[in-house]
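Examination of the molecular architecture
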Amino acid sequence: MKTIFKAFAKKLFGTEYERLKSTLFVCIAVFLGLYITDFKVEIAPFILYLMVTALTSGIMWQMLSSEGASGDMQNMLMLPFENRSFVAAYVTALGIHTFLTKTAVLLSVIFALSVWRPLEILGSILCIINAVLATAAVFSLRKCRYTGCLWAVALIVSIFFLWNTPYFLPSVMGSCALALLILRNTDGYSFYSCRYQDRKMPPYGFGRAGKDSRLSRTRMHHCIRPAGGSVSFAWRYLFRYLLSHKNYLANTAVMWGVACVLPLFLRNAESLFVLPVGFAILSLNTPICILLSADPDFEQAVRTLPGQKNAFCLPYCLFIFMCNLIADALFLLSWQIQFGGISAPAAILALFFAFLSAVLSVLLEWFYPLRNWKTESDLWHHPRKYAVPLVMLLLAGITGTLSL
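The present account deals with the structure reproduced in this document. All values derive from a computational prediction rather than experimental measurement.

1. Notes on the overall build of the chain
- A tally of regular secondary structure across the chain gives 17 helices and 0 strands.
- Here the chain holds 404 residues, and the buried ones make up 45% of them.
- Sequence-distant contacts in the chain: of pairs separated by 6 or more residues, those separated by 24 or more amount to 81%.
- By element, 70% of the accessible surface of the chain is carried by carbon and sulfur atoms, the whole surface being about 20,600 Å².

2. With respect to the packing of aromatic side chains
- A complete count under the given rule lists 13 aromatic pairs for this structure.
- Aromatic ring contacts, followed pair by pair, group Phe279, Phe331, Trp335, Phe339, Phe352 and Phe353 into a single cluster.
- Sitting over the ring of Trp366, Arg303 keeps its end group 4.4 Å from the ring centre.

3. Digging into the side chain of Thr135
- Along the chain, the position of Thr135 falls in helix H6 (residues 118-140).
- With a relative accessible area of 7%, Thr135 lands in the buried category.
- Setting aside chain neighbours within four positions, we find Thr135 in contact with Ser57, Met60, Trp61, Leu64 and Asn130.

4. Some details on a nonpolar patch on the surface
- Taken together, the side chains of Val153, Ile156, Val157, Phe160 and Phe161 present a nonpolar region at the surface, about 470 Å² in accessible area.
- Following the sequence through the fold, Val153 ends up in helix H7 (residues 145-162).

5. Overview of the nonpolar core
- If you look at the biggest cluster of nonpolar residues, it comprises 45 residues, and the most contacted ones within it are Leu64, Val91, Trp151, Leu183 and Phe191.
- Where this core is concerned, the elements lending two or more residues are helix H1 (2-13), helix H3 (45-65), helix H5 (83-113), H6, H7 and helix H8 (168-184).
- When near neighbours in sequence (up to four residues on either side) are disregarded, Trp151 contacts Ala134, Ala137, Val138, Ser175, Leu178, Ala179 and Ile182.
- Tyr248, Cys289, Ile290 and Leu292 belong to the second largest nonpolar core, which has 28 residues in total.

6. Description of the packing of helix H14 (residues 308-338) against helix H15 (residues 344-367)
- Remark: H14 packs on H15, axes separated minimally by 8 Å, with the N-to-C direction vectors making an angle of 140°. Crossing hand, H14 versus H15: right-handed.
- When grouped by side-chain class, the residues that make up the contact of H14 with H15 number 17 nonpolar, 3 polar and 3 charged.

7. A few points about the environment of Leu330
- Assignment of secondary structure puts Leu330 in helix H14.
- In this structure, the C-alpha to C-alpha distance between Leu330 and Val261, residues 69 residues apart in sequence, is 9.5 Å.
- Apart from the residues within four sequence positions on either side, Leu330 is in contact with Trp256, Ala259 and Cys260.

Reading the values: the criteria
- Residues numbered from 1 in each chain as written.
- Predicted model: local features only at pLDDT ≥ 70, side-chain atom pairs only at ≥ 80, totals over all residues.
- Heavy atoms only, no water.
- Helix = DSSP H or I, 4+ residues; strand = E, 2+ residues; numbered from the N terminus.
- Buried < 20%, exposed > 50% of the residue type's maximum accessible area, 1.4 Å probe, protein only.
- Contact = heavy atoms within 4.5 Å.
- Areas by Shrake-Rupley, 256 points an atom, 1.4 Å probe, with all protein chains shown as cover.
- Phe/Tyr/Trp six-rings, centres within 6.5 Å; stacked < 30°, edge-to-face > 60°.
- Lys NZ or Arg CZ within 6 Å of the ring centre and 35° of its normal.
- Patch = residues over 30% accessible without salt bridge, like charges linked within 9 Å, V, L, I, M, F, W, Y side chains within 5 Å.
- Salt bridge = Lys/Arg side-chain N within 4 Å of Asp/Glu carboxyl O.
- Core = buried A, V, L, I, M, F, W, Y, C linked by side-chain atoms within 4.5 Å.
- Axes fitted to C-alpha atoms, helices over the stretch in contact; angles between N-to-C directions.
- Left-handed = near helix turned anticlockwise from the far one by under 90°.
- Nonpolar A, V, L, I, M, F, W, Y, C, P; charged D, E, K, R; others polar.

Take a look at the structure:
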């Protein structure tokens, strides 16, 4: 088990665990920087439990289902292993990585801004452990979708209704015990996802490479024609890419849901400033803005073959523009239904912000792609994701000032 754990840990944290050291430094710096300000806010314990559970579960699921994890798993499964040791090492490595690189940052902020009792700290730690184990157990049983849904509902209900009772900690420990029981009898192969291995590829693609070529061995590298071809093939690639990545679709759907409820949170802001701020927030749709970074093989093909820059970048820009425009339209429609007062200049402003954020996202992805990332979670949560929204927020401030 120790050898398998080291193999996964070095993949996640680096050969000298340098990423772990940098993350711990960031957590300590964030905690001390916020703590010395002496600014305190009151956070209910059940909010703390819900936040750490949701964040840890989401990141853990994302890491378990990422293609990078499947590749590492494929290499490890080629060697002889003992099921329980393999599963224990794999889940432990991913759980420690999730906690130290993601959840620990959230805890450093929460603990710096609030005063917590030891019992509540213990509850949050148990919630984190439970989130790691339960997510791994549900993933190993992902064919039984209803089981995972019922488990998640039970956890949320226990957090909301039992957090201030003596039954809360035993219920969390019971969930941990159930997850351990499932993982104890789990086959290591259940964590390997081969969703792209059997997908047949059409015989056309970059330079009309066949389905047995290197370019066609992953996802949809067949979807852009050589220079001079129709851009419909780029659109086909983009839509098929989303259809094959349900989490990308889910994130886009969540952003559209946020667009519908965002007016409730912005209604008290300055009227000349609120709409551009909403457009800037809705430009934070990370998955559709990292398609080149997420697929190095595809990026290499786009950059290497002649004429692919225009053949891909222009449709890609229009694709992001369309996604942004739908979110902005839902935002304006929701605002009109709830408060009214949406005029033609607001619609023009939505078009401008959607188009500009799409152009900036494509330029950023083309000239400054993300490289050397370890997991898909690292890619999604890279600080670069905030570059375009911050620019749009600055532009929103300028727009509000000019409108005065």
